[in-house]
Amino acid sequence: VTNAIRNKNSDAYIYGEILGLSGLSITAYTKYMNVTDSSYGGVVRSALKSKKASLGLANYGFTGSQKADNVLWVESHDTFTTDPADSGSSNKLTIEQQIVGWGVIGARKEAPALYLVRTNCAELDVNPTLVSIKYDELIGAPGAADTWKNPVVKAVNQFKNEFVGQSEATYNNGSLFFVQRGTTGMVISNLATGSATV
């Protein structure tokens, strides 16, 4: 399938989500496509909820994979429609937390990152057996909040493009997570509410 796609469009970007490795090495997949690192998204959401920049924010990627083989996200359609009581759920993240999370992953050197455009019908229908969006909606329809147009999101995207190929170092201090690129650029994400002194 991936060969057929590349034969049609050699510039196509191909990635996938691996639901279970079943004893295989991740390289069984990364030789064909990049893979989403869903567990790292959970680390980011946990840090956003606790308002603490944990050491885990520095590390992502499957064992045996190259950093560039991984695709990062703060949230996905799955985490957004998960029961709010589930620790991996993202639907209780505020728009501000979603944007701060983008600063954590969007500025990284190696891995591509995906930004979830939340649906227009963001209200969830939650009962003991089902969590779903209340109204039919096309997957991928732009959300009413248009957070992907936010100036901070745009700035992080421009930062990543500006520092392509430059080194990366990460630091954490309390609620602050730092992504330094080269010697002249840094994105500082404050996971807590209010101001912080740097």
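Scroll up a little and you will see the structure.
Residues numbered from 1 in each chain as written. Predicted model: local features only at pLDDT ≥ 70, side-chain atom pairs only at ≥ 80, totals over all residues. Heavy atoms only, no water.

Take unusual backbone geometry next. Backbone geometry at Ser22 places phi at a positive 50 degrees, although glycine is not the residue there. As for its position among the elements, Ser22 is in the loop between β1 (15-16) and α2 (27-30). For Ser22, a relative accessible area of 72% corresponds to the exposed category. Even without a glycine there, the phi angle at Lys51 is positive, about 65 degrees. Following the sequence through the fold, Lys51 ends up in the loop between α3 (38-50) and β3 (70-73). Overall, the relative accessible area of 34% leaves Lys51 in the partly exposed class. (Helix = DSSP H or I, 4+ residues; strand = E, 2+ residues; numbered from the N terminus. Buried < 20%, exposed > 50% of the residue type's maximum accessible area, 1.4 Å probe, protein only.)

Across all of its chains, the model carries 3 salt bridges by this definition. In this structure, Glu168 engages Arg108 in a salt bridge whose closest nitrogen and oxygen atoms are separated by 3.0 Å. Of the two residues, Glu168 is situated in strand β7 (residues 168-173) and Arg108 in the loop between α5 (95-106) and β4 (113-114); the sequence distance between them amounts to 60 residues. The partly exposed category is assigned to Glu168, whose relative accessible area is 30%. A relative accessible area of 1% means that Arg108 is categorised as buried. Among the salt bridges present, the one from Glu110 reaches Lys109, with a minimum N-O distance of 3.6 Å. (Salt bridge = Lys/Arg side-chain N within 4 Å of Asp/Glu carboxyl O.)

Our next topic: helix α6 (residues 151-162). Between its terminal C-alpha atoms α6 stretches 16 Å, which fits the 16 Å expected from 12 residues at 1.5 Å a residue. Of the positions making up α6, those classed as buried are Val153, Val156, Phe159 and Lys160. All buried residues of α6 fall inside an arc of 120 degrees around its axis, so they share one side. Turned more than 90 degrees away from the buried face of α6, the exposed residues are Pro151, Gln158, Asn161 and Glu162. For α6, the side-chain oxygen to backbone nitrogen distance between the N-cap and Val152 is 2.7 Å, and the N-cap itself is Asn150. (Expected span 1.5 Å × (residues − 1). Arc of directions from axis to C-beta. Polar contact = N/O pair within 3.5 Å; in protein donor to acceptor, adjacent residues only side chain to side chain.)

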